[in-house]
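Observations on the three-dimensional arrangement
Here is how the chains run, residue by residue.
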Amino acid sequence: MAKIAVLGAGAWGTALAMNISQRHQVALWARNAGHVSGMRKARANPLYLGDFKFNDQLQVEDNLQTALEGADLILSVVPTAGFRNILKDIKQLGCTLPIIWAHKGLEPQTAKLPYEVALEELGSEQKWGALSGPSFAAELVRGLPTAVTLAANDEAFAKEAALLLHGANLRVYDTTDVVGVSVGGAVKNVMAIAAGISDGMGFGNNARAAMITRGLAEMTRFGMALGAKVETFMGLAGAGDLILTCTGQYSRNREVGLQLASGKSLADILQGLGHVAEGVNTAREVMRRAETLGVDMPITHEVNQALSHGKSAQDAVMDLLGREQKPEGV
């Protein structure tokens, strides 16, 4: 039995911690002492995940050093915007444990993916990687089957970490394509906002299928420009996660799109959401990066126009539909 330190007690971090605690000891860390106190009292995370009860192998901590003591692996599930800071905190404690992150997106302001942040803060010698795929916390915590991909910067470590996390209703595949898995997890959130706008405007199933398919092409172009493997986008961390996030009832990013289509302001949508919707920041950062790389991303462009430049959802969709005809492979 190993010990896993799970950092971040949102819905997904808590669901992962609860699942892993069926096989290993888990320390679930949150920065907010009040949140931790509430979870300890309830032996659950009512703020983000309802009344699903923690088992005896899951302990809740608000002290990072205590959470890391005796751990074999760190699983970071903090928002992407806070990833660099948590890595700095871990380094300051002198901890060099291998770390896997399960958050998705690009770092605000720098437009860097989590693996680039890890490379800058931890270097290439330390073992690290990403866990991503089609996965809603509400289903994992109910014991429903879930399959994800774990990508790491070392092949042996990828297999070892995947085996460590694999079990019960959570199936974990391994790969070394950290770039592809990171890109898939980030860009699919932008596409889910686009799918939500399409659904919210009543464009139907045909339009949603087209949006997902063209979104996958866009995601693949972006990933390959960064050095990803094309086959990754045909797998769980690419097409799988994209399909789920664009169609699933628990998708926060799709919900943002649905509400944009109804005419609500982004500020009101985010205030009412209660959870992080990574696609909002990601759209802006992906566009900055795509322009630098010279990658054509029309769906991302229009989503970003609606989110950050005051363009109405209706106008964004109409401009997307009004683009010139071209071969499908372009």
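Residues numbered from 1 in each chain as written. Predicted model: local features only at pLDDT ≥ 70, side-chain atom pairs only at ≥ 80, totals over all residues. Heavy atoms only, no water.

Note the threshold: UniProt positions are given in the numbering used here, feature names are shortened, and annotations may be inferred rather than shown by experiment.
Where an unreviewed UniProt entry is consulted, the protein chain appears under the name Glycerol-3-phosphate dehydrogenase [NAD(P)+], with the organism given as Methylotenera mobilis. As its UniProt record puts it under Sequence similarities (unreviewed entry), the protein chain is described as follows: "Belongs to the NAD-dependent glycerol-3-phosphate dehydrogenase family."

**Remarks on unusual backbone geometry**
Convention followed: Numbering of helices and strands runs from the N terminus, with a helix taken as a DSSP run of H or I at least four residues long and a strand as a DSSP run of E at least two residues long. Here's how the labels work: a residue is buried when its accessible area is under 20% of the maximum for its type, exposed when over 50%, partly exposed in between, all with a 1.4 Å probe on protein chains only.
Not every positive phi belongs to a glycine, and Arg-43 is a case in point at roughly 50°. If you trace the backbone, Arg-43 turns up in the loop between helix H2 (33-42) and helix H3 (46-49). Judged by its relative accessible area of 23%, Arg-43 falls in the partly exposed class. Positive phi outside glycine occurs at Ala-111, with the angle close to 60°. For Ala-111, the location among the structural elements is in the loop between strand E5 (99-101) and helix H6 (114-122). Relative accessible area serves as the criterion here: at 3%, Ala-111 is assigned to the buried category.

**Remarks on the pattern of salt bridges**
Threshold: For salt bridges, the criterion is a side-chain nitrogen of Lys or Arg within 4 Å of an Asp or Glu carboxyl oxygen.
For the coordinates displayed, the defined rule picks out 19 salt bridges. Between Arg-31 and Asp-89 there is a salt bridge; the shortest N-O distance is 3.6 Å. Placement of the pair is Arg-31 in the loop between strand E2 (25-29) and H2 and Asp-89 in helix H5 (residues 83-92), with a sequence separation of 58 residues. The class of Arg-31 is exposed, set by a relative accessible area of 55%.

**Section: the packing of helix H15 (residues 298-308) against helix H16 (residues 313-321)**
For the record, the criterion: All axes are obtained by fitting lines to C-alpha atoms, using only the stretch in contact for helices, and the reported angles, taken between N-to-C directions, cover 0 to 180 degrees. Convention used here: angles under 35 degrees read as roughly parallel, angles over 145 as roughly antiparallel, angles from 65 to 115 as roughly perpendicular, and any remaining angle as oblique. For a crossing to be left-handed, the near helix must be turned anticlockwise from the far one by less than a right angle; the clockwise case is right-handed. Throughout, a contact is declared for two residues whenever any of their heavy atoms are within 4.5 Å. Note on residue categories: nonpolar means Ala, Val, Leu, Ile, Met, Phe, Trp, Tyr, Cys or Pro, charged means Asp, Glu, Lys or Arg, and polar means any other residue, Gly included.
At a minimum axis distance of 9 Å, the contact between H15 and H16 shows a crossing angle of 160°. If you check the angle between H15 and H16, you find them roughly antiparallel. When the axes of H15 and H16 are compared, the crossing they make is right-handed. The segment H15 lies against H16, with Pro-298, Ile-299, Glu-302 and Ala-306 engaging Ala-316, Asp-319 and Leu-320. Counted by class, the contact of H15 with H16 contains 5 nonpolar, no polar and 2 charged residues.

**Comments concerning the nonpolar core**
Put simply, the rule is: Put simply, a nonpolar core is a bunch of buried Ala, Val, Leu, Ile, Met, Phe, Trp, Tyr and Cys residues held in one set by side-chain atoms that sit within 4.5 Å of each other. For every domain, the bounds stem from an assignment made automatically or drawn from a database.
Among the nonpolar cores identified, the biggest contains 71 residues, and Ile-90, Val-183, Phe-222 and Val-256 are the most heavily contacted of them. It is helix H9 (residues 178-200) that contributes the most residues to this core, 13 residues altogether. Each of domain 1 (3-176) and domain 2 (180-322) accounts for three or more of the residues forming this core. Apart from residues no more than four positions distant in its own chain, Phe-222 is found in contact with Val-183, Val-187, Val-286, Arg-289, Ala-290, Leu-293, Val-295 and Met-297. Of all hydrophobic cores here, the second largest spans 38 residues; its members include Ile-4, Ala-9, Ala-17 and Leu-140.

**A few points about the domain arrangement of the protein chain**
Applicable threshold: By definition, the buried area sums, over both parts, the 1.4 Å-probe accessible area that each loses when the two are put together.
With domains assigned, the protein chain is organised as domain 1 (3-176) and domain 2 (180-322). Summarising the inter-unit geometry, the C-alpha centres of domain 1 and domain 2 are found 25 Å apart. Counting residues at the interface gives 33 residues for domain 1, matched by 27 residues for domain 2. Between domain 1 and domain 2, roughly 2300 Å² of surface is buried when both sides are summed, and carbon and sulfur atoms account for 65% of that area. At the surface where domain 1 touches domain 2, the tally comes to 2 salt bridges. For Glu-116, the salt bridge identified is with Arg-289, shortest N-O distance 2.5 Å. Listing elements by their share of the side of domain 1 that touches domain 2, those giving two or more residues are H6, strand E6 (128-132), helix H7 (137-140), strand E7 (146-152) and strand E8 (170-175). With 4 residues, E7 is the largest single contributor of residues to the side of domain 1 that touches domain 2. Among the residues forming the side of domain 1 that touches domain 2, the class breakdown is 17 nonpolar, 10 polar and 6 charged.

**Let's talk about the sheet that holds E5**
The condition that has to hold: In this analysis, strands are considered paired if DSSP registers two or more bridges between them.
The 8 strands are arranged E3-E2-E1-E4-E5-E6-E7-E8 in an open sheet whose pairing can be described as mixed. Two strands in the sheet have a free side with no partner beyond their single neighbour: strand E3 (58-61) and E8. Going from strand to strand, the sheet's axes swing by 25° on average, the running direction of each strand aside. Where helix H8 (residues 155-165) meets the sheet, its contacts fall on strand E1 (3-7), strand E4 (73-76), E5, E6, E7 and E8, and the angle it forms with E8 comes to roughly 180°. Docked against the sheet, helix H11 (residues 236-247) engages E6, E7 and E8, running at close to 140° with respect to E7.

**A few points about the pairing of E2**
Applied cut-off: Clockwise travel from the first strand over the helix to the second, with the strands pointing away from the viewer, marks a crossover as right-handed.
Among the 5 residues of E2, 4 are classified as buried, and the element is accordingly described as predominantly covered. Bridge count between E1 and E2: 5 bridges; the pairing is parallel. Counterpart to Leu-7 in the pairing with E2 is Trp-29. Once you follow E1 into helix H1 (residues 11-20) and on to E2, the crossover reads as right-handed. Two strands pair when backbone bridges link them, and E2 and E3 are joined in this way by 4 bridges, in the parallel orientation. Looking at E3, one finds that Ala-27 is bridged to Gln-59.

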